[in-house]
Amino acid sequence: MTQSAQFYIEQLQLEAHPEGGYYKSSFRANEEIATRDVLRPIYTSIYFLLRSQDISHLHRLQSDELWYYHAGSPLTVHMIYPDGTYEAKKLGLNIAEGETPQILVPKHTIFGSSVDEAATFSLVGCMVAPGFDFADFELFTLDELLANYPQHEAVIRKMAYVSKGNTNSSI
């Protein structure tokens, strides 16, 4: 039986995420670790749902993030690594077509995600270690990214957050 995005949003009690899509915290380790003089859980995990009409805007974390495919269409994770190189990986179960059920986004990598197939969605899990904290979350604007990575203009125009008053985007 195929479920809709709305089914998962309601059943998992997902909320709108600041970067785009929907999420809910699912697990948080009881054990903590000191990072940058702050105690954090060893890991945190969320459900994350992205519909094809949504974008998970380009952002960066200070921890590694593992992505796990759960349901729906494949999800493309767009990454700009600290050295400036770009890579797109498909999260899904069609391994013969280059998809993979797990993807690692290394810490300090700028990344976002999209669902390429129209009128669909992707439900994934994301585990961050050491645990996620919004203090480590950096959301980048179109102008910031174009200034630093002009060689990736096409993907930046598709995936970057556009601040109010900025009309330089095709989004």
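Residues numbered from 1 in each chain as written. Predicted model: local features only at pLDDT ≥ 70, side-chain atom pairs only at ≥ 80, totals over all residues. Heavy atoms only, no water.

Observations regarding the nonpolar core
Then, in step 1: Ranked by size, the top nonpolar core spans 20 residues in total, and within it Phe 48, Trp 67, Leu 75, Val 77, Met 79, Leu 91 and Val 124 carry the most contacts.
Then, in step 2: Counting residues per element, the ones that place at least two in this core are strand 5 (44–51), strand 7 (64–72), strand 8 (75–80), strand 10 (102–105) and strand 12 (121–129).
Then, in step 3: In this structure, Leu 91 is in contact with Trp 67, Tyr 68, Tyr 69, Pro 74, Leu 75, Thr 100, Pro 101, Gln 102, Ile 103 and Val 124, ignoring residues within four places of it in sequence.
Then, in step 4: With 13 residues, the next largest nonpolar core counts Ile 55, Phe 140, Tyr 149 and Met 159 among its residues. (Core = buried A, V, L, I, M, F, W, Y, C linked by side-chain atoms within 4.5 Å. Buried < 20%, exposed > 50% of the residue type's maximum accessible area, 1.4 Å probe, protein only. Helix = DSSP H or I, 4+ residues; strand = E, 2+ residues; numbered from the N terminus. Contact = heavy atoms within 4.5 Å.)

A closer look at the sheet that holds strand 5
Then, in step 1: Ordered in space as 1-2-5-12-7-10, the six strands form an open sheet in which the pairing is antiparallel. Only two strands of the sheet have a single neighbouring strand rather than two, namely strand 1 (15–16) and strand 10.
Then, in step 2: Relative to strand 2 (residues 22–28), strand 1 runs antiparallel, the two sharing two bridges. The residue bridging Glu 15 from the neighbouring strand is Tyr 23, located in strand 2. (Pairing = 2+ DSSP bridges.)

A short note on the packing of aromatic side chains
Then, in step 1: Here the structure, examined in full by the defined rule, presents seven aromatic pairs.
Then, in step 2: Ring geometry for Phe 132 versus Phe 137: centroids 6.4 Å apart, planes at 75°, classification edge-to-face.
Then, in step 3: Judged by relative accessible area, which is 17%, Phe 137 ranks as buried.
Then, in step 4: Through a chain of ring-to-ring contacts, three or more aromatic side chains come together here, namely Phe 7, Tyr 8 and Phe 121. (Phe/Tyr/Trp six-rings, centres within 6.5 Å; stacked < 30°, edge-to-face > 60°.)

Quick look at the side chain of His 152
Then, in step 1: One can find His 152 in the loop between helix 2 (142–148) and helix 3 (153–159).
Then, in step 2: The class of His 152 is buried, set by a relative accessible area of 13%.
Then, in step 3: In this view, His 152 contacts Ile 80, Gly 84, Thr 85 and Tyr 86; residues no more than four positions away in its chain are not counted.

Focus: the layout of surface pockets
Picture a little ball the size of a water molecule; that probe, rolled over the atoms, points out where space is still empty.
Then, in step 1: Estimates place the volume of the largest pocket at around 280 Å³.
Then, in step 2: Lining the largest pocket are 19 residues; nearest its centre among them are His 17, Tyr 23, Thr 44, Ile 46 and Phe 132.
Then, in step 3: Those elements that place two or more of their residues in the lining of the largest pocket are strand 2, strand 5, strand 7 and strand 12.
Then, in step 4: Of the residues forming the lining of the largest pocket, the biggest block, four residues, is contributed by strand 5.
Then, in step 5: Class assignment for the residues of the lining of the largest pocket results in eleven nonpolar, five polar and three charged. (1 Å grid on protein atoms, 1.4 Å probe; cavity = no way out; pocket = protein on both sides within 12 Å on 5 of 7 lines; lining within 4 Å. Points joined across faces, edges and corners; volume = space filled by probe spheres on them. Nonpolar A, V, L, I, M, F, W, Y, C, P; charged D, E, K, R; others polar.)

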